Amino acid sequence: MSAQKPASWAYSEDFIAETEVIEKARSRSEELGCIPVMPGVGAVLRLLAAAVNAKAVVEVGTGAGVSGLWLLSGMPTDGILTTIDVEAEHQRAAKQAYAAAGIAPQRTRVITGRALDVLPRLTDAAYDMVMIDADKAEYPQYVEQALRLLRTGGVLALDNMLWRDKVADPATRDETTTTLRDLGKALRDNDSLLPALLPVGDGVLAAVKR
Ligand SMILES: C[S@@+](CC[C@H](N)C(=O)[O-])C[C@H]1O[C@@H](n2cnc3c(N)ncnc32)[C@H](O)[C@@H]1O
């Protein structure tokens, strides 16, 4: 690896600045102890939402609203974000952030509950994009649901797929790392997907459903 790489990654991460509202949501996330997506990841989420003209998006892991704000800024103005989190307090903060960004309340469907209880209730092939950022141990089950929810041509995005630089190190075999490493390979080898593993933030695996 060239010595330039870390500098280039840092440069890319800060290349697109966060809005003031997103910066505030980031501070609130940190107070609440939930780690929001990095700015470079947010920019990728916005790009993907805009590229597929995502009118219906599911987000697993609302947090205090950082990733939701990025997604909403890439979606058309009539697009609806369905966002799931088990922590009502996180979602209260997210709703405040959406309001501060001028997002109309009817553009967000905020569902409090465990993702694996909520996702099976959502409609098959009705979504343009699914973004996953909740309990790492449950990622494989979230993906199973996401592939059912996505329309053909829809896009899946998973954060933390390089998991603190552990996934790339074959000697690291703790449970979370192994789950994410195996999941990444399964998505790579799934013929119904066109995937890419992006070394942005903590690693975004994005895939289009064929
Ligand atoms: C990393 S934070 C999400 C950050 C958010 N995506 C952002 O960028 O602002 C993970 C979130 O997943 C939620 N979570 C954890 N386990 C969950 C589960 N089983 N079902 C739903 N949400 C869960 C946590 O409460 C937390 O808010």
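Preceding block: the structure.
Small disclaimer: the values here were computed from a predicted structure and weren't measured.

**Let's talk about the sheet that holds strand S6 (residues 193-198)**
One open sheet accounts for seven strands, arranged S3-S2-S1-S4-S5-S7-S6; its pairing is mixed. With partners counted over all chains shown, the strands left at the sheet margins are strand S3 (108-112) and S6, one partner each. In this sheet, neighbouring strand axes are inclined to one another by 15 degrees on average, regardless of whether the strands run parallel or antiparallel. Judged from the four bridges that link them, strand S1 (residues 56-60) and strand S4 (residues 127-132) form a sheet pairing that is parallel. Considered in S4, the bridge of Glu59 is made with Met131. Sitting on the sheet, helix H5 (residues 88-100) touches S1, strand S2 (80-85) and S3, and the angle it makes with S3 is about 170 degrees. Here helix H7 (residues 139-149) sits on the sheet in contact with S1, S4, strand S5 (150-158), S6 and strand S7 (204-209), set at roughly 155 degrees to S5.

**Some thoughts on the side chain of Asp159**
Residue position: Asp159 is located in the loop between S5 and helix H8 (175-188). No salt bridge is formed by the buried Asp159, whose closest oppositely charged neighbour, Lys136, lies at an N-O distance of 6.0 Å. Excluding residues that lie within four positions of it along the chain, Asp159 makes contacts with Val37, Val41, Ile132, Asp133, Tyr139, Asp202, Gly203 and Val204.

**Brief notes about a nonpolar patch on the surface**
Residues Tyr11, Phe15 and Ile16 make up a contiguous nonpolar surface patch of roughly 350 Å² in combined accessible area. The residue Ile16 is located in the loop between helix H1 (5-13) and helix H2 (20-32) in this model.

**Focus on the packing of aromatic side chains**
A full pass over the atoms with the stated rule returns two aromatic pairs. Residues Tyr11 and Phe15 carry aromatic rings whose centres are separated by 5.8 Å and whose planes lie at 45 degrees to one another, so their mutual orientation is tilted. Summarising the burial analysis for this pair, Tyr11 and Phe15 share the class exposed. Both rings, one in Tyr139 and one in Tyr142, keep their centres 6.1 Å apart while their planes meet at 50 degrees; by these two values the pair is tilted.

Rules used in this analysis
- Residues numbered from 1 in each chain as written.
- Predicted model: local features only at pLDDT ≥ 70, side-chain atom pairs only at ≥ 80, totals over all residues.
- Heavy atoms only, no water.
- Pairing = 2+ DSSP bridges.
- Helix = DSSP H or I, 4+ residues; strand = E, 2+ residues; numbered from the N terminus.
- Axes fitted to C-alpha atoms, helices over the stretch in contact; angles between N-to-C directions.
- Contact = heavy atoms within 4.5 Å.
- Buried < 20%, exposed > 50% of the residue type's maximum accessible area, 1.4 Å probe, protein only.
- Lys, Arg positive; Asp, Glu negative; His and termini not counted.
- Salt bridge = Lys/Arg side-chain N within 4 Å of Asp/Glu carboxyl O.
- Patch = residues over 30% accessible without salt bridge, like charges linked within 9 Å, V, L, I, M, F, W, Y side chains within 5 Å.
- Areas by Shrake-Rupley, 256 points an atom, 1.4 Å probe, with all protein chains shown as cover.
- Phe/Tyr/Trp six-rings, centres within 6.5 Å; stacked < 30°, edge-to-face > 60°.

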